[in-house]
Amino acid sequence: MKQPQTSPVSAPTAYPSPAQAYPAAVPQAPQTAPMAVQPTPQPPMLQPQQTAPVPQAVPGTAAMPSPNMAPPAQPMAPPIDMPAPAMPSAPIQAASPIAAPTVETNREGGEKALPRISIHAFCERSETAGAIQATTQDWRMARANLKIYMGGLPAAIEYYHKENTPGLILFESGMRGPELFAQLDTLASVCDSGTKVVMIGAANDIRLYRELIEKGLSDYLVPPFHPLTLIRSLSDLYSDPDKPFVGRVAAFFGAKGGVGSSTIAHNIAWALANDLQQETSLVDMDSSWGTTGLDFNYDSSQGLEEALAEPDRLDETLLDRIMIRHTEKLTILPASASLGSPAPTASTAYETLVDGVRSLSPLTILDMPHVWTDWSSQLLTTADEVVITATLDLANLRNTKNLVEFLKAARPNDSEPLLILNKTGVPKTAEIPVKDFASAVGLQPAVVLAYEPVVYTEASNDGKMLSDLKSGASAYEGLTYLAHRLQTGQFPAQISGKKGKKLGLGKKKKAKSVEAIDSQKSNKSLVAKILKRK
């Protein structure tokens with residue numbers, strides 16, 4: 001086995017980390033390109049006036065000249081005669097060919113993060129390097145250590161003659177035929193055992209793909225591709241062959257305590273299982289104050305606390321024992337709501353629990369407590385869907401705005417959170433208009449629910465769902481509408497209900513009260529300041 005070199009080695013030209021996220025991160029050659037095109041081994045990337053960060057994992061900074069470095073794939077203004085691997089100084093002005101690709105939104109199964117591995121990418125085109133670099137902004141790549149170099153396959157071969165190979169190698173090459181396979185044989189001779197290799201090619205050729213797989217490569221990709229498409233392809237390489245399926249997770253979070261997030265989560269889980277026939281698991285993540293057991297009429301002394309007590313021994317057998325089979329399609333993991341012992345604070349315990357449940361259930365509903373900790377923010381970031389419940393007051397507006405901004409930054413490649421506005425139309429109260437609330441938080445509500453305290457109190461005290469009460473039909477109709485979105489990824493074209501009844505607003509007179517409040521309170525000073533600041 002090769003030993004790491006203690007003296008500096010010649011390294012390929014490192015691709016700098018862009019200052020902005022994809023697609024603005026795709027670089028172009030600097031305007032000082034004519035000075036950099038010199039037949040000298042000095043790398044053009046280390047100019048004093050440039051401030052873009054450079055990966056430091058490999059000692060040495062001398063560039064490796066490569067005759068295979070391709071020119072830019074598109075014209076740039078002004079035209080320059082310089083190879084693409086040169087150090088970028090600004091994003092391209094023209095539209096990039098990798099900005100167009102879309103990503104599959106209705107993907108079966110949930111998202112998986114890459115394991116703790118090291119990844120080296122060797123690119124020929126700066127556009128490809130920019131797309132790969134954009135993956136570092138995604139939460140699925142948080143544990144992976146990615147470094148990008150220019151030079152393609154020849155640079156990789158030269159580099160690994162002197163260095164150990166990482167867990168995964170990506171290389172870009174436009175070669176085909178005997179020349180390509182000869183270089184692949186050379187790369188194989190310097191690769192350590194267990195290294196996975198993925199090729200980024202130039203042509204969508206099924207025959208070439210089969211030949212590469214027979215040669216031992218793990219995958220073959222063709223640009224342009226969306227960063228999430230690349231991440232999913234790499235993640236699939238590390239799927240457990242015995243348990244390849246991973247279910248989807250929807251996390252329900254209240255913008256403020258008492259907004260009704262738990263009640264809504266429980267009724268949507270019931271709608272998924274009972275009305276849409278979707279196999280669903282409901283997990284109460286509030287070990288101290290959880291109400292899942294109460295709403296489904298269970299008095300459980302075990303559940304969440306037992307699962308979190310020893311996450312190392314949490315397996316399918318233990319989960320099957322502590323979870324309650326409420327119906328054929330609905331499984332519940334309640335919390336005992338005991339104050340006897342504090343809940344674990346380590347994110348790994350909660351992550352292990354959620355991973356265990358989603359390996360058994362196609363769709364998992366997480367009833368999240370209104371706390372902001374490392375584990376709660378981690379679960380919200382990694383969930384497939386996030387549902388925020390809020391009411392129309394200033395504190396909820398501020399908290400919802402903060403949540404939406406956090407989630408959009410932490411999940412750049414995921415769908416926006418879904419917003420539920422609950423308890424609207426409260427008599428004799430100064431509510432923020434729905435239109436102004438949505439404008440301030442930058443998110444349109446998926447469902448607007450009326451203030452119906454008698455209905456919700458009766459259902460809660462009797463351990464029933466809204467569907468069991470005739471007076472709760474309108475609210476339940478709106479929650480079923482959202483349940484369809486969680487199941488299929490799309491809202492239904494239309495739903496059943498009386499003609500003219502606004503979705504989820506209950507009786508028509510209550511809808512009118514909301515409109516009256518909207519017209520009276522639209523000029524409140526604090527809301528106006530928030531909208532102006534936005």
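Please refer to the structure placed before this passage.
First things first, this report covers the structure right here in the doc. (Residues numbered from 1 in each chain as written. Predicted model: local features only at pLDDT ≥ 70, side-chain atom pairs only at ≥ 80, totals over all residues. Heavy atoms only, no water.)

Some remarks on the overall build of the protein chain
Then, number 1: Counting secondary structure elements, the protein chain contains 18 helices and 15 strands.
Then, number 2: Residues classed as buried in the protein chain amount to 51% of the 534 residues present.
Then, number 3: As presented, the protein chain carries roughly 25100 Å² of accessible surface, and 52% of it is formed by carbon and sulfur atoms. (Helix = DSSP H or I, 4+ residues; strand = E, 2+ residues; numbered from the N terminus. Buried < 20%, exposed > 50% of the residue type's maximum accessible area, 1.4 Å probe, protein only. Areas by Shrake-Rupley, 256 points an atom, 1.4 Å probe, with all protein chains shown as cover.)

Brief notes about the sheet that holds strand E3 (residues 118-123)
Then, number 1: Taken in spatial order, the five strands make up an open sheet running E4-E3-E5-E6-E7, and their pairing is parallel. Among the strands making up the open sheet, the edge pair consists of strand E4 (145-150) and strand E7 (219-221). When strand polarity is set aside, the average angle formed by the axes of neighbouring strands in this sheet is 15 degrees.
Then, number 2: With four bridges joining them, E3 and strand E5 (residues 168-172) adopt parallel strand pairing. Bridge pairing links phenylalanine 122 to phenylalanine 171 in E5.
Then, number 3: Along the sheet, helix H2 (residues 126-134) contacts E3, E4, E5 and strand E6 (196-200); its crossing angle with E4, the most-contacted strand, is approximately 170 degrees.
Then, number 4: Here helix H3 (residues 152-160) sits on the sheet and contacts E3, E4 and E5; the angle it forms with E3, its principal contact strand, is near 130 degrees. (Pairing = 2+ DSSP bridges. Axes fitted to C-alpha atoms, helices over the stretch in contact; angles between N-to-C directions. Contact = heavy atoms within 4.5 Å.)

Structural notes on helix H16 (residues 473-488)
An α-helical turn contains 3.6 residues, so any two residues separated by three or four positions project in the same direction.
Then, number 1: End to end, H16 covers 22 Å across 16 residues, agreeing with the expected 22 Å (1.5 Å per residue, within 8%).
Then, number 2: Among all positions of H16, only Ser474, Ala475, Tyr476, Glu477, Gly478, Leu479, Thr480, Tyr481, Leu482, Ala483, Arg485 and Leu486 are buried.
Then, number 3: Glycine 489 sits one or two positions beyond H16 and adopts a positive phi of about 90 degrees. (Expected span 1.5 Å × (residues − 1).)

Remarks on the environment of arginine 116
Then, number 1: Following the sequence through the fold, arginine 116 ends up in the loop between strand E2 (90-91) and E3.
Then, number 2: The class for arginine 116 is exposed, based on a relative accessible area of 69%.
Then, number 3: Placed 51 residues apart in sequence, arginine 116 and glycine 167 show a C-alpha to C-alpha distance of 9.5 Å.

Digging into the sheet that holds strand E12 (residues 363-367)
Then, number 1: The eight strands lie next to each other as E10-E11-E9-E12-E8-E13-E14-E15, forming an open sheet whose pairing is mixed. The open sheet is flanked by strand E10 (324-325) and strand E15 (447-450), the only strands paired with a single partner.
Then, number 2: Bridge count between strand E13 (residues 385-390) and strand E14 (residues 418-424): four bridges; the pairing is parallel. Opposite valine 387, over in E14, you have leucine 418 as the bridge partner.

Describing the pattern of salt bridges
Then, number 1: Scanning the model with the defined rule gives 17 salt bridges in all.
Then, number 2: In this structure, the salt-bridge partner of glutamate 111 is arginine 232, at a minimum N-O distance of 2.4 Å. Residue glutamate 111 is found in the loop between E2 and E3, and its partner arginine 232 is found in helix H6 (residues 227-236); the two are separated by 121 residues along the sequence. As far as burial versus exposure is concerned, glutamate 111 and arginine 232 are alike and both buried.
Then, number 3: The residue aspartate 236 makes a salt bridge to lysine 112 at a minimum N-O spacing of 3.5 Å. Here the residue aspartate 236 occupies a position in helix H6, and lysine 112 occupies one in the loop between E2 and E3, the gap between them amounting to 124 residues.
Then, number 4: Taking relative accessible area as the criterion, lysine 112 reaches 18% and is therefore assigned buried. (Salt bridge = Lys/Arg side-chain N within 4 Å of Asp/Glu carboxyl O.)

A look at the layout of surface pockets
Then, number 1: One number sums up the size of the largest pocket: a volume of about 970 Å³.
Then, number 2: Contributing to the lining of the largest pocket are 38 residues, with Ala113, Arg143, Glu351, Asp355 and Arg358 lying nearest its centre.
Then, number 3: Contributions of two or more residues to the lining of the largest pocket are made by helix H10 (316-322), helix H11 (347-358) and helix H12 (374-382).
Then, number 4: When residues in the lining of the largest pocket are grouped by element, the largest group, six residues, is from H11.
Then, number 5: Broken down by class, the residue content of the lining of the largest pocket amounts to 18 nonpolar, eight polar and twelve charged.
Then, number 6: What the second largest pocket holds in volume is close to 570 Å³.
Then, number 7: As for the second largest pocket, its lining consists of 33 residues, and the residues nearest its centre are Val259, Gly260, Ser261, Ser262 and Thr263.
Then, number 8: For the lining of the second largest pocket, the per-class residue count stands at twelve nonpolar, 13 polar and eight charged. (1 Å grid on protein atoms, 1.4 Å probe; cavity = no way out; pocket = protein on both sides within 12 Å on 5 of 7 lines; lining within 4 Å. Points joined across faces, edges and corners; volume = space filled by probe spheres on them. Nonpolar A, V, L, I, M, F, W, Y, C, P; charged D, E, K, R; others polar.)

Here we look at the packing of aromatic side chains
Then, number 1: Applying the stated criterion to the full structure yields nine aromatic pairs.
Then, number 2: Ring geometry for phenylalanine 122 versus tyrosine 160: centroids 5.6 Å apart, planes at 75 degrees, classification edge-to-face. Of this pair, phenylalanine 122 sits in strand E3 while tyrosine 160 sits in helix H3, and the two are 38 residues apart along the sequence. Like phenylalanine 122, the residue tyrosine 160 is buried in the burial classification.
Then, number 3: Both rings, one in tyrosine 149 and one in tyrosine 159, keep their centres 6.1 Å apart while their planes meet at 45 degrees; by these two values the pair is tilted. One end of the pair, tyrosine 149, is in strand E4; the other, tyrosine 159, is in helix H3, with ten residues separating them in the sequence. (Phe/Tyr/Trp six-rings, centres within 6.5 Å; stacked < 30°, edge-to-face > 60°.)

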